[in-house]
Amino acid sequence: MGFLSVILGFCGFGVGISTGMVLGYYLFIYFQPCDVKDPVIRPLVEQDSQSLLRLLPEIPLWVKNPDYDRIDWLNKFLEVMWPYLDKAICKTAKNIATPIIAEQIPKYKIESVEFETLTLGSLPPTFQGMKVYLTEEKELIMEPSLKWAGNPNVIIAVKAFGLKATVQVVDLQVFAQPRITLKPLVPSFPCFAKILVSLMEKPHVDFGLKLAGADLMSIPGLYRFVQELIKDQVANMYLWPKTLEVQILDPTKAMKKPVGILHVKVLRALKLRKKDLLGASDPYVKLKLTETKAPSKKTTVKHKNLNPEWNEEFSMVVKDPETQALELHVYDWEQIGKHEKMGMNVVPLKELPPDEPKNMTLDLLKTIDPSDVQNDKLRGQIVVELTYKPFKEEDLPKDIENPSAVQKAPEGTPPGGGVLVVTVHEAQDVEGKHHTNPYVRIIFRGEERKTKQIKKSRDPRWEEEFTFMLEEPPLKDKLHVEVLSTSTRIGLLHPKETLGYVDISLADVISNKRINEKFHLIDSKNGRIQIELQWQTS
Amino acid sequence: MGLISGIVMGMMFGIGLMAGWKHMMEYRNKKRLAKAIDVRSLSSLNRDDLKKICGETFPCWISFPVYEQVKWLNKQLSKLWPFIADAAEAIIRESVEPLLEDYRPPGISSLKFSELSLGNVAPKIEGIRVQSLKEGQITMDIDLRWGGDPSIILAVGAAVVASIPIQLKDLQVFTVVRAIFQLADEIPCISAVVVALLAEPKPRIDYTLKAVGGSLTAIPGLSDMINDTVTSIVTDMLQWPHRIVVPIGGIPVDTSDLELKPVGKLTVTVVKASGLKNMELIGKSDPYVVLHIRPLFKVRTKVIDNNLNPVWNEKFELIAEDKETQSLIFEVYDEDIGDDKKLGTVKLPLIDLQPEVSKELELRLLPQLDMLKIKDKKDRGILTIQVFYHEFNKEEQLAAHEEEKRMLEAKKKLKEQGVVGSTMDAVDSAASAVGSGIGAGANIVGSGLGAVGSGLSRAGQFMGRTITRQSGLPRGSVSNIQITEENGAAKLHSM
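Residues numbered from 1 in each chain as written. Chains lettered and ligands numbered in written order. Predicted model: local features only at pLDDT ≥ 70, side-chain atom pairs only at ≥ 80, totals over all residues. Heavy atoms only, no water.

Under an unreviewed UniProt entry, the name given to chain B is Synaptotagmin-5, and the source organism is Sesamum indicum. Per UniProt, the comment on chain B under Subcellular location (unreviewed entry) is "Membrane". Comment text from UniProt for chain B, heading Sequence similarities (unreviewed entry), reads "Belongs to the synaptotagmin family." (UniProt positions renumbered as here; feature names shortened; annotations may be inferred.)

As annotated in an unreviewed UniProt entry, chain A is Synaptotagmin-1 from Sesamum indicum. What the UniProt record of chain A gives under Subcellular location (unreviewed entry) is the line "Membrane". Reading the Sequence similarities (unreviewed entry) entry of the UniProt record for chain A gives the comment "Belongs to the synaptotagmin family."

The helix and strand tally for chain A stands at seven helices and 26 strands. Taking all 538 residues of chain A together, the buried fraction comes to 44%. Here the contacts in chain A between residues at least 6 apart in sequence split such that 66% fall between residues at least 24 apart. Within the structure as shown, chain A displays about 29,500 Å² of accessible surface, and the carbon and sulfur contribution to it stands at 58%. (Helix = DSSP H or I, 4+ residues; strand = E, 2+ residues; numbered from the N terminus. Buried < 20%, exposed > 50% of the residue type's maximum accessible area, 1.4 Å probe, protein only. Contact = heavy atoms within 4.5 Å. Areas by Shrake-Rupley, 256 points an atom, 1.4 Å probe, with all protein chains shown as cover.)

The next subject is the overall build of chain B. In terms of helices and strands, chain B carries six helices and 19 strands. Residues counted as buried form 49% of the 495 residues belonging to chain B. Considering only contacts in chain B between residues 6 or more positions apart, those separated by 24 or more positions represent 66%. In the structure as shown, chain B presents an accessible area of about 23,700 Å², 57% of it carried by carbon and sulfur atoms.

Looking now at the pairing of strand β23 (residues 478-486) of chain A. Residues and elements named next belong to chain A. For β23, a buried count of seven out of nine residues is recorded, marking the element as mostly surrounded by other parts of the structure. Here strand β20 (residues 438-444) runs beside β23; their pairing, made up of six bridges, is antiparallel. Paired with R441 across the two strands is E482, which belongs to β23. Pairing of β23 with strand β24 (residues 496-505), which is carried by nine bridges, proceeds in the antiparallel orientation. Its bridge partner lying in β24, E482 is registered against Y501. (Pairing = 2+ DSSP bridges.)

Take the confidence of the model for chain A next. Mean pLDDT for chain A: 83, with 90% of residues reaching 70 or above. Below a pLDDT of 50 lies the segment residues 397-403 of chain A, which in the model reaches seven contacts outside its immediate sequence neighbourhood of four places, other chains included. (pLDDT = per-residue confidence, 0-100.)

Our focus in this paragraph is the interface of chain A and chain B. One frequently used descriptor of interface size is the decrease in accessible area upon assembly of the parts. Listed by partner, the interface residues are 99 residues for chain A and 82 residues for chain B. Together, the buried faces of chain A and chain B total about 8,100 Å²; carbon and sulfur atoms form 70% of this surface. Interface area lost by chain A to chain B is led by A:R70, A:W73 and A:Y84, which between them contribute 9%. B:R32 is paired through a salt bridge with A:D206; the nearest N and O atoms lie 4.0 Å apart. Its residues placed into classes, the side of chain A that touches chain B shows 54 nonpolar, 22 polar and 23 charged. (Buried area = accessible area lost by both parts, 1.4 Å probe. Salt bridge = Lys/Arg side-chain N within 4 Å of Asp/Glu carboxyl O. Nonpolar A, V, L, I, M, F, W, Y, C, P; charged D, E, K, R; others polar.)

Below, the discussion takes up the side chain of B:R40. When you line up the elements, B:R40 lands in helix α1 (residues 2-42). Those residues within four positions of B:R40 in sequence are excluded, and the remaining contacts are A:I41, A:E79, A:L123 and A:P124.

Here we come to the sheet that holds strand β16 (residues 340-348) of chain A. Residues and elements named next belong to chain A. Across the sheet, which stays open at both edges, the four strands sit in the order β13-β12-β15-β16 with antiparallel pairing between neighbours. Edge strands, defined here as strands with exactly one partner in the open sheet, are β13 (297-298) and β16. The pairing of strand β12 (residues 283-289) with strand β15 (residues 325-332) spans seven bridges and is antiparallel. Bridge pairing in β15 places P283 opposite D332.

A few words now on the confidence of the model for chain B. Residue and element names in this part refer to chain B. In this model, chain B carries an average pLDDT of 73, and 74% of its residues clear a pLDDT of 70 or more. Under a pLDDT of 50 for its full length, residues 418-495 has, in the predicted model, 163 contacts with residues more than four places off or in other chains. Among the scores for the predicted complex, ipTM is 0.72 and pTM is 0.70.

With that out of the way, let us pick up the packing of aromatic side chains. Between two aromatic rings, the relevant description is the distance of the centres plus the angle of the planes. Taken as a whole and judged by the stated rule, the model has nine aromatic pairs over all chains. When the ring of B:Y288 is compared with that of B:Y333, the centres are 5.7 Å apart and the planes differ by 25°; the resulting orientation is stacked. Of the two residues, B:Y288 sits in strand β10 (residues 287-292) while B:Y333 sits in strand β13 (residues 327-334), which places them 45 residues apart along the sequence. As far as the burial class goes, B:Y288 and B:Y333 line up, both buried. One Lys or Arg, A:R70, reaches over the ring of A:W62 and ends 4.9 Å from the middle of that ring. (Phe/Tyr/Trp six-rings, centres within 6.5 Å; stacked < 30°, edge-to-face > 60°. Lys NZ or Arg CZ within 6 Å of the ring centre and 35° of its normal.)

Feature annotation in UniProt assigns "domain: SMP-LTD" (unreviewed entry) to the following positions: residues 67-249 of chain A. Summarising residues 67-249 of chain A: 27% helix, 43% strand, and an end-to-end C-alpha distance of 31 Å.

All names here are of chain B. Taken in spatial order, the four strands of this open sheet run β12-β9-β16-β15, and their pairing is antiparallel. Because the sheet does not close on itself, it has two edges, and the strands there are β12 (311-320) and β15 (358-364). Each adjacent strand pair in this sheet contributes to an overall mean axis angle of 25°, direction not counted. Sheet topology places β15 next to strand β16 (residues 382-391); seven bridges connect them, and they run antiparallel. In the sheet register, S358 faces β16, and the bridge partner there is F388. (Axes fitted to C-alpha atoms, helices over the stretch in contact; angles between N-to-C directions.)

This paragraph deals with the pattern of salt bridges. Residues and elements named next belong to chain A. One pass over the structure, following the stated rule, counts 37 salt bridges over all chains. Where E139 meets K183, a salt bridge forms, and the shortest distance between an N and an O atom there is 3.8 Å. Of this pair, E139 sits in the loop between β2 (126-133) and β3 (140-149) while K183 sits in strand β6 (residues 178-185); the two residues are 44 residues apart in sequence, bridging distant segments of the chain. The exposure class assigned to K183 is partly exposed, which follows from its relative accessible area of 28%. Close ionic contact of E431 with R458 constitutes a salt bridge, the shortest N to O distance being 3.8 Å. Of the two residues, E431 is situated in the loop between β19 (418-428) and β20 and R458 in the loop between β21 (447-450) and β22 (461-470); the sequence distance between them amounts to 27 residues. For R458, a relative accessible area of 40% puts it in the partly exposed group.

Residue and element names in this part refer to chain A. Within the element layout of this structure, R449 appears in strand β21. On a C-alpha basis, the gap between R449 and T467 in space is 9.6 Å, while along the polypeptide they are 18 residues apart. Leave out the neighbours within four places in its chain, and R449 touches V440, R441, I442, F466, T467 and F468. For R449, the side chain forms a polar contact with the side chain of E447, separated by 2.7 Å. (Polar contact = N/O pair within 3.5 Å; in protein donor to acceptor, adjacent residues only side chain to side chain.)

Together, A:L4, A:L8, B:L3, B:I4, B:V8 and B:M12 line one region of the surface with nonpolar side chains, adding up to about 550 Å² of accessible area. Of all the secondary structure elements, the ones that give two or more residues to the nonpolar patch are α1 (2-29) of chain A together with α1 of chain B. Per element, the largest residue contribution to the nonpolar patch is four residues, and it comes from α1(B). Relative to the elements of secondary structure, A:L8 occurs in helix α1. Here A:L8 falls in the partly exposed class, since its relative accessible area comes to 36%. (Patch = residues over 30% accessible without salt bridge, like charges linked within 9 Å, V, L, I, M, F, W, Y side chains within 5 Å.)

This part covers the pairing of β13(B). All names here are of chain B. Of all eight residues in β13, eight are buried, a share of seventy percent or more. By the alternation rule, side chains of β13 split into S327, I329, E331 and Y333 and L328, F330, V332 and D334, which are all buried. Pairing of β13 with strand β14 (residues 341-349), which is carried by eight bridges, proceeds in the antiparallel orientation. Residue pairing across strands places S327 opposite P349, the latter belonging to β14.

What follows is about α1(A). Over its 28 residues, α1(A) runs 38 Å from end to end, which matches the ideal 40 Å to within 8%, given 1.5 Å per residue. Listed as buried for α1(A) are A:G9, A:G12, A:G16, A:I17, A:G20, A:G24, A:Y25 and A:I29. In this structure, the buried residues of α1(A) make contact with β9 (214-215) of chain A together with α1 of chain B. (Expected span 1.5 Å × (residues − 1).)

On to the UniProt feature "transmembrane region" (unreviewed entry) in chain B, then. Those residues carrying the UniProt feature "transmembrane region" (unreviewed entry) are residues 6-25 of chain B in this numbering. Taken end to end, residues 6-25 of chain B has its terminal C-alpha atoms 28 Å apart, with 100% of it in helix and 0% in strand.

Bringing the packing of α1(A) against α1(B) into the picture now. Each pair of packed helices can be described by the angle between their axes along with the distance between the axes. It is at 5 Å that the axes of α1(A) and α1(B) come closest, and there the two elements cross at 35°. The handedness of the crossing between α1(A) and α1(B) is right-handed. Taken together, the residues that form the contact of α1(A) with α1(B) break down as 19 nonpolar, eleven polar and one charged. (Left-handed = near helix turned anticlockwise from the far one by under 90°.)

Quick look at the structure:
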């Protein structure tokens, strides 16, 4: 009997609990409003000490740490922009989601899935400090402290089997400290090729998930579990050193690496116009590729000849065959005075078929402007043979993926030996007593190399690379780097000055393969020089 | 019995469970909301807030200037600068060179960059201030300072001299750049950016000119010409209220609201002046008044000989583009052989004027507009004027806009004539080696007008009804060519 009543009691309890829960659901939860109100924000000054105490753990990093910068102006910017961003993001999200949903629902026998409301709320994300790191590499590193405690309201209504269920996400809070690295830096806007994002710590995520009005996340224990799950998932993907990579520019193009070689054979010119008063002109041809800083190339001068034959060959490095063009100028050589122009023409490289020699006979013009009346005059013709040879895929340098990685030594390097690559980047605060026109002299095992001279600069940039082929690792050798300055004026007074020097022991380079550091210059007040050293072995 | 008590207990337990859940929901909701509010209010702290939070231990590394400091941005900028400089050089060359060519003063046959590199020193951002002055717009003021080491060499070719390389040395720029972001509902949420240099504080652009392997005196008035070209480009293109409107791609929006448009017409009658200073040794001053709202469009009265209390009674019409910030500037000159001497000047801010009310004003002349530089407190005389400000309505504004377009066409033609005419002037003055700076400067104004229109059709809107072109001729005879817009057609008056 007692046994039966216990069984009945249990059954009753079971029935009661479900009825009670249904009752309680309708009593307490169902009639809860599911809209999200805008929070009332009181100025801090009005708040009592109790709520101020609660604020303490949330104090922005820029208040606590001097190495963080305040970026409240960005917060203000975001605040004003937020309503517009909200609309734009929600619109885009809907546009992206709708076709995906339409594609997916037939599989699950669901009638429809749609956003009932989608808003990110009135509270914008805030940046509570920004820290940047300076390294010697070509990269920018910044670490904003991002806090978004918003009041978004996302309601997704799912209809299936004639029933409707809503899932609501409210009060999303994301606190994260991402590290944003922009690299490599390139000389074309926006000046970086890739954005790398990774998280320095596990992010804090909190939200309310309401299923039919009841917040699942407030079931004790469940919230913690879900939060850990999300944290781990995100951490698996993006926690440093794992990164999220966003490509902005094609690095090959952005870095302006050579992509091919143009071979130019200047054959001859025909019927050039006479320019000299006495006798015929003395023509020569000057060749230049547009958009390069490389010096132009010249043929020899053919004296007293209006139909000169040169048959001279030149090759030039091409960086962008789509936009670059070859400029040909014919000049009249003069013993004294300015060389006179005899005519010119331009060949855009995109007109050339790759790997195929092309013979061209070009009319010489006064200017490239087609409407120029002076172009009607006959100035003669020039005959050239052009061959554009793009590099094959395997010829292309492969270090683009990771510019800081040490390359393999080129072929022909003796076994056991390698190539020492010295890159002189820049110097700061070098100053001479009488003049500051710095250049760098590198001495290694008696071999001497020099960079070009930069005039009147205390912070020169050279960006020059020197290579030394070696039979064996230079474990005991030192590299002598010296910054010198010579006077630009011709005079016996102070012709040459040393602005500082540094001796770099190469043993570290051999063991580390690569070193990129700023060295303090000896015999200089405050000078520093940035030198990159690489040891490339086969 | 057991069943009923079980059901009752179960129901109670179930309801209790739900109540507990609800309680938890509310608790968590409140907690999240409180946190949201905290984070929100901490995103923009001011000094008082921070004092309240930190109490005695106020961190000493924090200060609250008007312009917020951006050390991190400067660090990044200096690192990025070599790359920006490289990328910007080509763009500057492309965009500024045609402008220079258009602005090229007569007497100079070509004006090009022969070398342009921005140097190794990055500009410094002293501070940033963000405001929202208008609905749907963000105003960002950037306090920019650049004491760079750029190497800019202009190849200046003149009719008489082959080509002189002129170097711009020791360039220093101190200015506040105002960027206004027009917001939109589509990503990237910004439909256009308006860029201008704030007029207050006045942008400072200092540089020294140096001829490389030559002499600056080879072309008379050359440095004045270059200085004037730079000043007129800066004040009439970049300085607020003039602005450059850059539409951000992707969103087709009407940006015409952002551009500078004529807002009103100012009818000024220069009635008379009294008690002017005598500048001449023999006789009295020969005064005339030059007035303008924008320096490019100056108008002037006749010269009244030998009179310290002249009466002109001349009427002018000027166009205002921005009533809030623009001012009408009067300058009284004494006509003289060589340089005309300034007798006094006065500024009338347009904001002081009431629309549609005719008003007679007596203005005290000052030696200089910059109050800091005024040394003596001597009376410079009083200028009596009559002003009537008429605010344009929509149709009139449109009409003025149309008229302006026609004006620009006319100016383009005039420019060609002007160049031909003024090259002669330059040869003339070079031969006699009397180059008046003012004359040269005014020449630029004349010939530059067409350039303004053509070079900057996207950069801003230009207005102006009347153009005065002065050319300094030897022997002090000033010839004026006044181009007055009447019924939409340009006419040439020689005075």
